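So the chains spell out like this:
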Amino acid sequence: MGDNYCKDILETEGLAIGYKQKRSEDLCLLSDLNLTICRGELVCLLGPNGSGKSTLMRTIAGLQAPLKGKTLVEGKPIRERNFGEIARLLSIVLTERLQVGNLSVYHIVSLGRHPYTSWMGRLSEKDESMIKWALEQVGLWQYANKFINQLSDGERQRVMIAKALAQDTPLIMLDEPTAHLDLPNRVEIMRLLRSLAKETDKAILLSTHELDLALQAADLIWLMSKNQDLRIGAPEDLVLSGSIEDTFKNKSFNFDRKSGNFIMNYQKKETIQVVGNDVMGFWTQRALSREGYQVTCEATGNCAIHLIEDKREWEIHRNGKITTCKNIQELLLGLKSS
Amino acid sequence: MQNKTKILLFVSLFVLIAVFLIADLILGSVKIPSDKILAILMGEDVKASWNYIILNFRLPKAFTAILVGAGLSVSGLMMQTLFRNPLAGPYVLGISSGASLGVALMVMASVLLPGVFGVVYSFLGSWALVVAAIVGASIIFVIIGMASIRISDSVSLLIIGIMFGSITGAVVNILQYFSDPEQLQSFIVWTFGSLSGVAWTEMQLMAPVVVIGLLMSFVLIKPLDALLLGENYARGVGISVNRTRTWVIISTALVAGTLTAFTGPIAFIGVAVPHMARAIFGTASHKVLLPAVVLIGAALMLVCDILSQVPGNQTTLPINSVTAIFGGPVVIWVIVRSRSVKASFS
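Enquirer: Would you take a moment to explain the domain arrangement of chain A for this structure?
Expert: Interfaces are often sized by the accessible area lost when the parts come together. On domain assignment, one finds that chain A holds domain 1 (1–83 + 205–265) and domain 2 (271–337). Spacing between the C-alpha centres of domain 1 of chain A and domain 2 of chain A amounts to 43 Å.

Enquirer: Please explain helix H6 (residues 183–200) of chain A as it appears in this structure.
Expert: One turn of the α-helix equals 3.6 residues, which is why residues spaced by three or four share an orientation. Residues and elements named next belong to chain A. Over its 18 residues, H6 extends 25 Å from the first C-alpha to the last, a length consistent with the 26 Å expected when each residue adds 1.5 Å. Looking at H6, one finds that the buried residues are Arg186, Ile189, Met190, Leu193, Leu196 and Ala197. Projected onto a plane normal to the axis of H6, the buried residues spread over an arc of 125° and lie on a single side. Along H6, exposed side chains directed more than 90 degrees from the buried face belong to Leu183, Pro184 and Glu199. Residue aspartate 201 follows H6 closely and has a positive phi angle near 65°.

Enquirer: Teacher, can you tell me more about the pairing of strand E14 (residues 271–275) of chain A here?
Expert: Two faces, one strand: in a regular strand the side chains alternate between the faces of the sheet. Residue and element names in this part refer to chain A. Side chains of E14 alternate between two faces, with Ile272 and Val274 buried and Thr271, Gln273 and Val275 left unburied. Relative to strand E15 (residues 294–296), E14 runs parallel, the two sharing three bridges. By the bridge assignment, glutamine 273 is partnered in E15 with threonine 296. Of the strand pairs in this sheet, E14 and strand E16 (residues 303–308) are connected by three bridges, and their pairing is parallel. Within the sheet, the bridge partner assigned to valine 274 lies in E16 and is isoleucine 305.

Enquirer: What am I meant to see in the pairing of strand E1 (residues 8–19) of chain A here?
Expert: Residue and element names in this part refer to chain A. In terms of strand pairing, E1 meets strand E3 (residues 36–38) through three bridges, oriented antiparallel. When the sheet's bridge partners are listed, aspartate 8 is paired in E3 with cysteine 38. As defined by bridge partners, E1 adjoins strand E2 (residues 27–33) across four bridges and the pair is classed as antiparallel. Bridge pairing in E2 links isoleucine 17 to leucine 30.

Enquirer: Sorry, what's going on with the packing of helix H9 (residues 200–219) of chain B against helix H12 (residues 241–263) of chain B here?
Expert: Between two packed helices, what matters for the description is the angle formed by their axes and the separation of those axes. All names here are of chain B. Packing of H9 against H12 brings their axes to within 9 Å, and their N-to-C directions diverge by 155°. When the interaxial angle is binned, H9 and H12 end up roughly antiparallel. Here H9 runs over H12; the crossing is left-handed. Here Glu202, Met206, Val209, Val210, Ile212, Gly213, Leu214, Met216 and Ser217 of H9 lie close against H12, whose contacting residues are Trp247, Ser251, Leu254, Val255, Thr258, Leu259 and Phe262. Considered class by class, the residues forming the contact of H9 with H12 number 11 nonpolar, four polar and one charged.

Enquirer: I'm lost on the packing of helix H1 (residues 3–26) of chain B against helix H3 (residues 48–83) of chain B in this one. Help?
Expert: All names here are of chain B. Between H1 and H3, whose axes approach to 9 Å, the crossing angle comes to 145°. Of the two elements, H1 crosses H3, and the hand of that crossing is right-handed. From H1, Leu21, Asp24 and Leu25 reach across to H3, where they touch Ile54, Arg58, Leu59, Ala62 and Ala65. Here the contact of H1 with H3 is built from residues that sort into six nonpolar, no polar and two charged.

Enquirer: Can you walk me through unusual backbone geometry in this structure?
Expert: What you tend to see is this: most non-glycine residues have negative phi, and most peptide bonds are trans. Backbone geometry places A:Asp32, a non-glycine residue, at a positive phi of 55°. Along the polypeptide, A:Asp32 turns up in strand E2. Phi at B:Phe268 takes a positive value of approximately 80°, unusual for a residue other than glycine.

Enquirer: Explain the sheet that holds strand E7 (residues 90–93) of chain A here, please?
Expert: Hydrogen bonds between backbone atoms are what pair the strands of a sheet, whose relative direction is either parallel or antiparallel. Residues and elements named next belong to chain A. Taken in spatial order, the six strands make up an open sheet running E7-E8-E9-E4-E10-E11, and their pairing is mixed. One side of each edge strand has no neighbouring strand; the edge strands of this open sheet are E7 and strand E11 (229–233). On average, adjacent strands in this sheet sit at an angle of 15° to one another, irrespective of strand direction. Relative to strand E8 (residues 171–175), E7 is paired through four bridges, and the arrangement is parallel.

Enquirer: How should the confidence of the model for chain A be read in this particular structure?
Expert: Caution applies to low-pLDDT parts of the model: their predicted coordinates are not meant to be read in detail. Looking at chain A, pLDDT values average 86 and 97% of them are 70 or higher. This stretch, residues 1–5 of chain A, has a pLDDT under 50; its non-local contacts, to residues over four places away or in other chains, come to one contact.

Enquirer: Would you mind showing me how to read the interface of chain A and chain B here?
Expert: Facing the 24 residues of chain A at the interface are 27 residues of chain B. Among the elements of the structure, helix H2 (83–86) and E7 of chain A are those that each provide at least two residues to the side of chain A that touches chain B. Considering each element in turn, the side of chain A that touches chain B owes the most residues, three residues, to H2(A). Looking at the side of chain A that touches chain B residue by residue, the classes come out as 12 nonpolar, 11 polar and one charged.

The rules behind these values
- Along each chain, the written sequence defines residue order, and numbers are assigned to residues from 1.
- Chain labels run from A onward and ligand labels from 1 onward, assigned in the order the entries are written.
- Reporting in this predicted model follows two pLDDT cut-offs: at least 70 for local features of residues, and 80 or more for side-chain atom pairs to be given and counted; totals over whole chains, interfaces and linings ignore these cut-offs and use all residues.
- Each domain's extent was defined by an automatic or database domain assignment.
- Each helix is a run of H or I in the DSSP string that is no shorter than four residues. Each strand is a run of E no shorter than two, and both are numbered from the N terminus.
- Multiplying 1.5 Å by the helix residue count minus one yields the expected span of that helix.
- Counting other C-beta atoms within 10 Å of a residue's own tells you its class, since 20 or more makes it buried, 12 or fewer makes it exposed, and anything in between is partly exposed; those C-beta atoms are placed from the backbone.
- Note that the arc is defined by the directions from the helix axis to the C-beta atoms.
- Two strands make a pair as long as DSSP finds a minimum of two bridges between them.
- Inter-axis angles, ranging from 0 to 180 degrees, are taken between N-to-C directions of lines fitted to C-alpha atoms, where helices are fitted over the stretch in contact.
- Note that the term roughly parallel is reserved for angles under 35 degrees, roughly antiparallel for angles over 145, roughly perpendicular for angles of 65 to 115, and oblique for everything else.
- Two helices that cross are described as forming a left-handed crossing if the nearer one is turned anticlockwise from the farther one by less than a right angle, and a right-handed crossing if clockwise.
- Whether two residues are in contact depends on their C-beta atoms, placed from the backbone: they are in contact if these lie within 7 Å.
- Amino acids outside the nonpolar list (Ala, Val, Leu, Ile, Met, Phe, Trp, Tyr, Cys, Pro) and the charged list (Asp, Glu, Lys, Arg) are all regarded as polar, and Gly is one of them.
- The pLDDT value tells you how sure the predictor is about a given residue, anywhere from 0 up to 100.

Set out below in structure tokens:
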């Protein structure tokens, strides 16, 4: 991609991350990183625990010294700046829950304007319109005067995203922003971040453990593995090349390239034929594999399950006997007893 | 809470302070009619002894009460925010322990080293205890200050402060163990706290230092607000946490150290008033809380001073006991009613 086509917001030049140690050699987690994020791009940093995601995030944000190399935001090196200047280049959203209650949503978002206000912290008209805009973007303007402790966890995280927006930085970094949220809120936050990246032309970098959400929302995935390497690509490319499978390989589950899901490895019992192949068939198959049966479409001779879709019933055909079940729970019980 | 309500609360606090100030001047062991007090304050010569009592005793005492109330409350508020701990107060870093050690050495070690301390005593005269307290507090402050530069997390610093408090406390205990009953008593009287030890000459030093410390804390409003989000978020919005911490410690040491030197360690106020302010104003924003604790602290201290002069009696109760006995229930009531402390430190 040429420069005229894509403008970089974040660049790292030969970045090496890790920890300086006093007595022994430096502990280097990753080296020679030349990473870039463009305008309007949502990048998800994925990797198992202990692969160095947080270290990379902290190093990029200038909170930790790199072992080598440097980070540039809009061409300006981060490490050579003080906190006030960094705060105009990148804003952060953290996993940690706020420890304070008696603060209004508006006040918290207004803290995002700190890098721009005088020592008195007085808000100008521009500051106030930025705060309003930020709260509208996350859909919380009507909550502006509520106290933060009256909000749900999902809303709180959206308040912190509004704070980052109010900070008006080209780069927003989020450290596991969905960590303690329920599924609807996780999806909502990812959707929000993606649309923010597209609409505001900011670069957004977030670390996460939500593989399936990241695969759906990210423009680019940075995949860290435990053996000190970082793979970069569109989510689909990483799936096709098997990188995701390799990174998250484990004895007890597999990554299924076809569905983009993790499949747990259960002890295999007998093979069962399932006849019928739509939504009902998919979930029946899931239930059966959880119980350890191997599912196939071909006739096996020992057992078959026929789906009666219009009646939403299941028929177990075994040794010439037919048992009818009203739901999957009954079906599983029926299989065990027959 | 609406801005109007807040302004109303501030105005009523000002009125309260004025009322308490007048009451503090009127009440005392010697009965002086209130119209005469006004005349004396206007500069009239009413009666030599009355003039002396009002101008050189009650007035500086009332001012001291205001300074102590405002100063210790602000220090307490900043320490609670810095350490994110509702139990923190102006003395949490061991500043009062340092002052106590200085005073204990001055009062009691004169037995152990009569020569040296005798000379010091005769040289300093009435300032001896003040100087001893300032030296003691400063030494602890320098140690904590150096520690705060090297140690980047606040919790470790808090623990170090508490450890220093324990160590100096232990040394004071040893000194007490070896000292005469007479000296022991004068040390213990110092620990009771007293607002009446500050005459105009002492006020000339105490007031400016405390006012400078308070002004410093008003400059810190913005970083203190950011610290409410936690240290990481504060750094994220461009606050240098280490520099803020250093300034908070300097300001607290100046205010709390100086006040302790002149009045003895006055406990309770510094921990309690910030909680009262949070409960009354229902916010954690320092833009509101800082002026609020100044006013509430001043008002509360004036009330305590009024109560410490048992009406119709010559006795004065030690101010340290009065603040706790009368202030404690008030604070408990406020906290039980509003639950805002939990909201502020959840």
